[in-house]
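Each chain is listed here by its residues.
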Amino acid sequence: AKYCTTAAMIAGVSFPVATLAKSSKMIPVMVGSLLLGNAKYSLREYVHVFLIVLGTVLVGLAKKSKPGAPSSLWGILFLVGSLVCDGVVGGEQRKLKAKMQSVGLKERNFEMQFYTNFYMGITALGFAVALQEALPGLRFCLANPEVFMA
């Protein structure tokens, strides 16, 4: 999801558009949880999500700003991909939590966040290798060790 969001902005989606889209992340997470995690939501929960997203959109649109360049098709597709990834992760996490409960295991604090970040790191490394950016990045870090001091 993070890669797709960054790629969307590089491909020509403005920061406000990306922010508004990612602010609606609750919708794909809810859909992913329904489809993949067998979640059940009350009408009240649907209304809450709708109102939160609506409020975010209204606040985002209410700001006076200069019109930006139109968003590119690739940027929008990457943004949609990011939201799909968010939905899949949300659904899979819900399914994993239910499976853990069914066998009597309890999720520890920050466990899901750790595994999400761990797999995101592996994915980022895979992209860096596939796009031939790993070695130049490593060379840069070795030539500039102060990047590790921040």
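What you are looking at is a predicted structure, and each value in this text was computed from that prediction instead of being measured. (Residues numbered from 1 in each chain as written. Predicted model: local features only at pLDDT ≥ 70, side-chain atom pairs only at ≥ 80, totals over all residues. Heavy atoms only, no water.)

## Things to note about helix 6 (residues 111-130)
At 3.6 residues per turn, the α-helix brings residues three or four places apart onto the same side. Relative to the 28 Å expected for 20 residues at 1.5 Å per residue, helix 6 spans 29 Å between its end C-alpha atoms, a close match to the ideal helical length. Every buried residue of helix 6 is accounted for by Glu111, Met112 and Ala128. At the exit of helix 6 stands Gln132, carrying a positive phi of roughly 55 degrees. (Helix = DSSP H or I, 4+ residues; strand = E, 2+ residues; numbered from the N terminus. Expected span 1.5 Å × (residues − 1). Buried < 20%, exposed > 50% of the residue type's maximum accessible area, 1.4 Å probe, protein only.)

## Focus on the packing of helix 3 (residues 26-36) against helix 4 (residues 43-62)
Two elements in contact, helix 3 and helix 4, have axes separated by 10 Å at closest approach and are oriented at 155 degrees. In terms of their interaxial angle, helix 3 and helix 4 are classed as roughly antiparallel. From helix 3, Met26, Ile27, Met30 and Leu34 reach across to helix 4, where they touch Glu45, Tyr46, Val49, Ile52 and Val53. Looking at the contact of helix 3 with helix 4 residue by residue, the classes come out as eight nonpolar, no polar and one charged. (Axes fitted to C-alpha atoms, helices over the stretch in contact; angles between N-to-C directions. Parallel < 35°, antiparallel > 145°, perpendicular 65-115°, else oblique. Contact = heavy atoms within 4.5 Å. Nonpolar A, V, L, I, M, F, W, Y, C, P; charged D, E, K, R; others polar.)

## With respect to the packing of helix 2 (residues 15-23) against helix 5 (residues 73-102)
Two elements in contact, helix 2 and helix 5, have axes whose closest approach is 10 Å; the angle formed by their N-to-C orientations is 25 degrees. As far as their axial angle goes, helix 5 and helix 2 are roughly parallel. Here the hand of the crossing between helix 2 and helix 5 comes out right-handed. Here Val17, Ala18, Ala21 and Lys22 of helix 2 lie close against helix 5, whose contacting residues are Leu79, Ser82, Leu83 and Asp86. (Left-handed = near helix turned anticlockwise from the far one by under 90°.)

## What to know about helix 5
Over its 30 residues, helix 5 runs 43 Å from end to end, which matches the ideal 44 Å to within 8%, given 1.5 Å per residue. Packing partners of the buried residues in helix 5 comprise helix 1 (2-10), helix 2, helix 3 and helix 6. Gly104 sits one or two residues past helix 5 and shows a positive phi near 85 degrees.

## Quick notes on unusual backbone geometry
Even without being a glycine, Asn38 presents a positive backbone phi close to 55 degrees. Inspection of the secondary structure assignment puts Asn38 in the loop between helix 3 and helix 4. Positive phi, close to 55 degrees, is recorded for Gln132, a residue that is not glycine. Within the secondary structure, Gln132 is located in the loop between helix 6 and helix 7 (134-143). For Gln132, a relative accessible area of 67% translates into the label exposed.

## Some words on the side chain of Ser33
Structurally, the position occupied by Ser33 is in helix 3. Residue Ser33 is classed as buried on the basis of its relative accessible area of 3%. Beyond its immediate chain neighbours, meaning those up to four positions away, Ser33 contacts Asn38, Ala39, Tyr41, Gly87, Gly90, Gly91 and Arg94.

## Comments concerning the nonpolar core
If you look at the biggest cluster of nonpolar residues, it comprises six residues: Ala8, Val13, Ala18, Ala21, Leu79 and Leu83. The contacts of Ala21, once residues within four sequence positions are left out, are Leu79 and Leu83. If you look at the next biggest cluster of nonpolar residues, it comprises five residues, including Ala39, Tyr41, Val49 and Val53. (Core = buried A, V, L, I, M, F, W, Y, C linked by side-chain atoms within 4.5 Å.)

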